[in-house]
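Chains, contacts and geometry: an overview
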Amino acid sequence: MNRKINLILLGALIGLVWLMPVQAQEEESEGIARVVMITAKDGHDEALIKAITDYHHWVAQFEGHHEYTWYQILTGPDTGKYVARTAGHNWADFDAEYDWQEEAGEVFEKNVLPHIDHLQLQFVQEMTEFSHWPESFEAYTHYSVSDWYVKNGHWGKFRQGLKQIVDTLKASDFPNHWGFLSIESGGHGGQIRVVGAHKGFADMSDPDPSFSKVMSESLGGEEEFNTFMADWGSTFKQGANWMVKRMPEASDYGKD
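Residues numbered from 1 in each chain as written. Predicted model: local features only at pLDDT ≥ 70, side-chain atom pairs only at ≥ 80, totals over all residues. Heavy atoms only, no water.

1. Topic: the overall build of the chain
- Across its full length, the chain carries seven helices and eight strands.
- In the chain, buried positions account for 45% of the 256 residues.
- Contacts spanning at least 24 positions in sequence make up 83% of the contacts within the chain whose residues lie at least 6 apart.
- Carbon and sulfur atoms form 49% of the exposed surface of the chain, whose accessible area is close to 13800 Å². (Helix = DSSP H or I, 4+ residues; strand = E, 2+ residues; numbered from the N terminus. Buried < 20%, exposed > 50% of the residue type's maximum accessible area, 1.4 Å probe, protein only. Contact = heavy atoms within 4.5 Å. Areas by Shrake-Rupley, 256 points an atom, 1.4 Å probe, with all protein chains shown as cover.)

Dropping the structure here:
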C-alpha cells in the first residue's frame, strides 16, 4: 500500500485515533455512536488484534480519550471482519481537539494501519424511546443485528406501530433486550438498525411466552395480531441480518 493510500485510510480512521471526551457519557448525551467496519489484510488478523490492543493500552494514558468496543462478525457476507464502536456521544464531541492527537496519529499509522485493508464508517443515533437495554452489558457477548428501511411517507405509521409493540413487550416483562438505531450518515435513506443483546447462542431461542403470544393476547387474538403485523410491516422492508461477538481483548484499555 503506497503512502498516499495510507494517508487516506488514516484520515478515515481518525475516529479510532482522536478519541472523544468521557463527558459524552453523561445524561445529556445525544446518543451518537461512531461505528467502523474494518477488514484486516489477508493473514494479518492476529497482528491487527495485538496492535489495536497495544494501541488502546498506550492511548489510555491521555486525558480525553474514549474507548471503543470491538466485535467480530460471525455470519453473513462480512464474516470475519471487525466492528469498532464508541457510543454515548453528542455531535459536538467530534469537534474535540487535544495536544496529543498528532502523536497518537503517528503511533496508529505506524503500528495499526499496516494491518488494515479496508474500512467503512457510519454515525448512528440511539432511538431511546424504542430501545430496551439491560442495566449492565457485562454478561452479553453476542449481538444479533438487522437493517430495516422505512418507506417514504411511512415514518409516522412505522413509529406508531413500533411504539405499540415496545410498550406491550415492556408491560409484559418480556425477557429479551434490544435497541433501535437510526443510521445518520454512511448508510441509506430511511435506514435503521435493530440490535438484540444475547448471552450466547442459547439465548437466541424464543422466550416463553413468545413475541407472537404476548402480542396476540394484547391485541385480542391471533387473527388480530396477524392483521396488525401485516399492516405495520407494510411500512418498511427488511434488509441484511448478521451476528457479532464482543472481543474483550481488543476492547481492553489496560484498566484494573
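2. Here's the deal with unusual backbone geometry
- Going from D208 to P209, the amide bond is cis rather than trans, its omega being 5°.
- Mapped onto the secondary structure, P209 falls in the loop between strand 7 (191-198) and helix 6 (211-219).

3. As for the environment of K170
- Within the fold, K170 resides in helix 5 (residues 155-171).
- Given the relative accessible area of 34%, K170 is considered partly exposed.
- Between the C-alpha atoms of K170 and H132, which are 38 residues apart in sequence, the distance is 8.0 Å.
- In contact with K170, not counting residues within four places along its chain, are E129, S131 and H132.

4. Focus: the pattern of salt bridges
- Applying the stated criterion to the full structure yields six salt bridges.
- Its salt-bridge partner being K50, residue D54 comes within 2.8 Å of it at the nearest N-O pair. Taken together, the positions of D54 and K50, both in helix 3 (residues 45-59) and four residues apart, correspond to about one turn of that helix.
- The exposure class assigned to D54 is partly exposed, which follows from its relative accessible area of 38%. (Salt bridge = Lys/Arg side-chain N within 4 Å of Asp/Glu carboxyl O.)

5. A closer look at the side chain of T39
- Structurally, T39 can be placed in strand 1 (residues 32-40).
- Residue class for T39 comes out buried when judged on its relative accessible area of 17%.
- When neighbours within four sequence positions are excluded, T39 is seen to be in contact with K81, I116, D117 and H118.

6. Some remarks on the environment of L113
- Position of L113 relative to the elements: it lies in the loop between helix 4 (101-111) and strand 4 (116-126).
- Since its relative accessible area comes to 1%, L113 is described here as buried.
- The spatial distance from the C-alpha of L113 to the C-alpha of A51 is 9.0 Å, given a sequence separation of 62 residues.

7. Considering the packing of helix 3 against helix 4
- Running from N to C, helix 3 and helix 4 point in directions that differ by 165°, and their axes come no closer than 10 Å. Considered as vectors, helix 3 and helix 4 are oriented roughly antiparallel to each other. The two elements helix 3 and helix 4 meet at a crossing, and its hand is right-handed. Between helix 3 and helix 4, the residues in contact are A51, I52, Y55 and W58 and E103, A104, V107, F108 and N111, respectively. (Axes fitted to C-alpha atoms, helices over the stretch in contact; angles between N-to-C directions. Parallel < 35°, antiparallel > 145°, perpendicular 65-115°, else oblique. Left-handed = near helix turned anticlockwise from the far one by under 90°.)

8. Let's talk about the packing of aromatic side chains
- Tallied over the entire structure, the rule returns 20 aromatic pairs.
- With a centroid separation of 6.0 Å and 70° between ring planes, the pair formed by F211 and F225 is classed as edge-to-face. With F211 in helix 6 and F225 in helix 7 (residues 222-233), the pair connects residues that are 14 residues apart, well separated along the chain.
- Taken together, the ring pairs connect Y55, W58, F62, Y98, W100 and F108 into an aromatic cluster. (Phe/Tyr/Trp six-rings, centres within 6.5 Å; stacked < 30°, edge-to-face > 60°.)

9. Topic: the sheet that holds strand 6 (residues 177-185)
- On the basis of which strands lie adjacent, the closed barrel formed by eight strands has the order 1-3-2-8-5-7-6-4 and antiparallel pairing. Recorded for the sheet is a direction-independent mean angle of 35° between the axes of neighbouring strands. (Pairing = 2+ DSSP bridges.)

10. Details of the confidence of the model for the chain
- When pLDDT is averaged across the chain, the result is 89; 89% of the residues are at 70 or more.
- Confidence drops under a pLDDT of 50 for residues 1-27, and excluding neighbours within four residues, the segment shows 75 contacts in the predicted structure. (pLDDT = per-residue confidence, 0-100.)

11. Regarding a negative patch on the surface
- Together, D42, D45, E46 and D117 give the surface a local cluster of negative charge.
- Along the polypeptide, D42 turns up in the loop between strand 1 and helix 3. (Patch = residues over 30% accessible without salt bridge, like charges linked within 9 Å, V, L, I, M, F, W, Y side chains within 5 Å. Lys, Arg positive; Asp, Glu negative; His and termini not counted. Charge placed at Lys NZ, Arg CZ, Asp CG, Glu CD.)

12. Topic: the nonpolar core
- By size, the foremost hydrophobic cluster in this structure holds 24 residues, and its most contacted members are I38, L48, I52, Y55, W70, Y82 and V112.
- For this core, the secondary structure elements donating two or more residues are strand 1, helix 3, strand 3 (82-89), helix 4 and strand 4.
- The greatest single-element share of this core, amounting to six residues, is contributed by helix 3.
- Setting aside its immediate chain neighbours within four residues, I52 contacts W70, F108, V112 and A250.
- Formed by 20 residues, the second largest nonpolar core is a distinct cluster that contains F158, I165, W178 and I192. (Core = buried A, V, L, I, M, F, W, Y, C linked by side-chain atoms within 4.5 Å.)

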